[in-house]
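What the coordinates show
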Amino acid sequence: METHKEEDDHETVNFGRSLIVPSVQELAKQPLTKIPLRYVRQFHESHSLSDDDDDDDPLTPSVPIIDLSNLLETDSAESSSTYSIELNKLHTASKQWGFFQVINHGINESLLEDFKREVLNFFKLPMEEKQKLWQEEDNHEGFGQLFVVSEEQKLDWSDMFYITTLPHNLRKSQLFQKLPLILRDKLEDYSKEMRKLAMAILGQMAKALEMDGDEMRELFHDGVQSIRMNYYPPCPEPELALGFSPHSDADALTILYQLNETEGLRIRKDGKWVAIKPLPHALVVNIGDIMEIVSNGVYKSIEHQATVNSNNERFSVATFYSSNMGTELGPARSLVAKHKVANFRRVPLEEYFKGFFAQKLNGKSYLDFMKCQENIT
Ligand SMILES: O=C(O)CCC(=O)C(=O)O
Ligand SMILES: [Fe+2]
């Protein structure tokens, strides 16, 4: 990983770059009836979802809903049956779905509303203003798309804004300083709240996994957090395009805030694409590849994608939480001891991220590079 000195003389880390691509938001403002070829997917890619996607089928299960107040509200609740039932639900959801929605998460409603308003305004800024916040050739933070590595590669029907928020010393201070002031303020509060929530959920996962709680805290107490704001404009040929290519997240735990009511998120469950409908006041949580590794494969990161439609725009904000910088990534030692096998190898976190951002997204393929069968007995 490259490190270089910023003007204000602190070291920043460059996690990666992505080729600069046109704004889809600007493109969608034109009176198009067809989309440019660079957004047209192979038939099997764009149709993999609609063919077997049957939202109204009562047999299609829907993603589990976890009531966090049953887990987090009181210490003494741990012995209660409500607590153990909910913990068991969390464990099963993390093993079998890798995705769930959380309700009663304790995040202040007015912060969620204020942050939403500022993100919507942010994408509505005039292009001249956005240009100042656009990605640069050597780094992928800012407006643009991620994971674009070749001129031939198909592009997503979306714009996004990506920023590293924690720890503070990893922030690109010039980018922060250029953000509209109110957004910067709300982003700061939102980032803090999302960190707290991620740590609380990780703590519960440690219990459910019967992993050493101190080990979980040590791995994540100063974790790397980044935030990705997604904007999906209406698309004149939605069946030919994708808003977000299929991928699993590289982090440990993602908290996704669906800002409006437009549907688009689909997760791959037992070979079928299942829609996650925005639920008022809920947040979507998903297991990322790092958590699959730390849990020694007990929890699964799940492939997901975003579709687009011809009438409605869609907004979402994903907050990614990963382990501390400067640590080695690998299965938790307390779990390896328990399972008597390590299912993943160990690599420095920097190396892991650098490899991830250097390639085009391709489902869960990156995790294969971490797999091993190192029998320790
Ligand atoms: O917009 C969505 O629902 C999906 C976003 C997502 O998967 C991501 O940002 O990693
Ligand atoms: Fe994702």
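Check the entry above for the structure.
Presented here is a report on the structure given in the accompanying data block. Just so it is clear, the structure is predicted and the values come from calculations on it, not from any experiment. (Residues numbered from 1 in each chain as written. Chains lettered and ligands numbered in written order. Predicted model: local features only at pLDDT ≥ 70, side-chain atom pairs only at ≥ 80, totals over all residues. Heavy atoms only, no water.)

**Overview of the pairing of strand E9 (residues 253-258)**
With six of its six residues buried, E9 lies for the most part within the structure. A two-sided burial pattern is seen for E9, the buried positions comprising Leu253, Ile255 and Tyr257 on one face and Thr254, Leu256 and Gln258 on the other. As defined by bridge partners, E9 adjoins strand E12 (residues 283-287) across four bridges and the pair is classed as antiparallel. Bridge assignment links Ile255 to a residue of E12, and that residue is Val285. Of the pairings in the sheet, the one linking E9 to strand E14 (residues 314-324) comprises six bridges and is antiparallel in character. Its bridge partner lying in E14, Gln258 is registered against Ser316. (Buried < 20%, exposed > 50% of the residue type's maximum accessible area, 1.4 Å probe, protein only. Helix = DSSP H or I, 4+ residues; strand = E, 2+ residues; numbered from the N terminus. Pairing = 2+ DSSP bridges.)

**Regarding the side chain of His91**
In this fold, His91 is placed in helix H4 (residues 81-96). For His91, a relative accessible area of 15% translates into the label buried. In this view, His91 contacts Ala208, Leu209, Val298 and Tyr299; residues no more than four positions away in its chain are not counted. (Contact = heavy atoms within 4.5 Å.)

**Remarks on unusual backbone geometry**
The peptide bond linking Leu166 to Pro167 adopts the cis configuration, its omega dihedral lying at -5 degrees. Here Pro167 is to be found in the loop between strand E6 (159-166) and helix H7 (173-178). Of note in the backbone geometry, Asn104 takes a positive phi value of approximately 50 degrees without being a glycine. With respect to the element layout, Asn104 can be found in the loop between strand E4 (99-103) and helix H5 (109-123). A relative accessible area of 47% places Asn104 in the partly exposed class. Its identity is not glycine, yet Asn296 carries a phi of approximately 60 degrees, on the positive side. Within the fold, Asn296 resides in the loop between helix H10 (289-294) and strand E13 (304-306).

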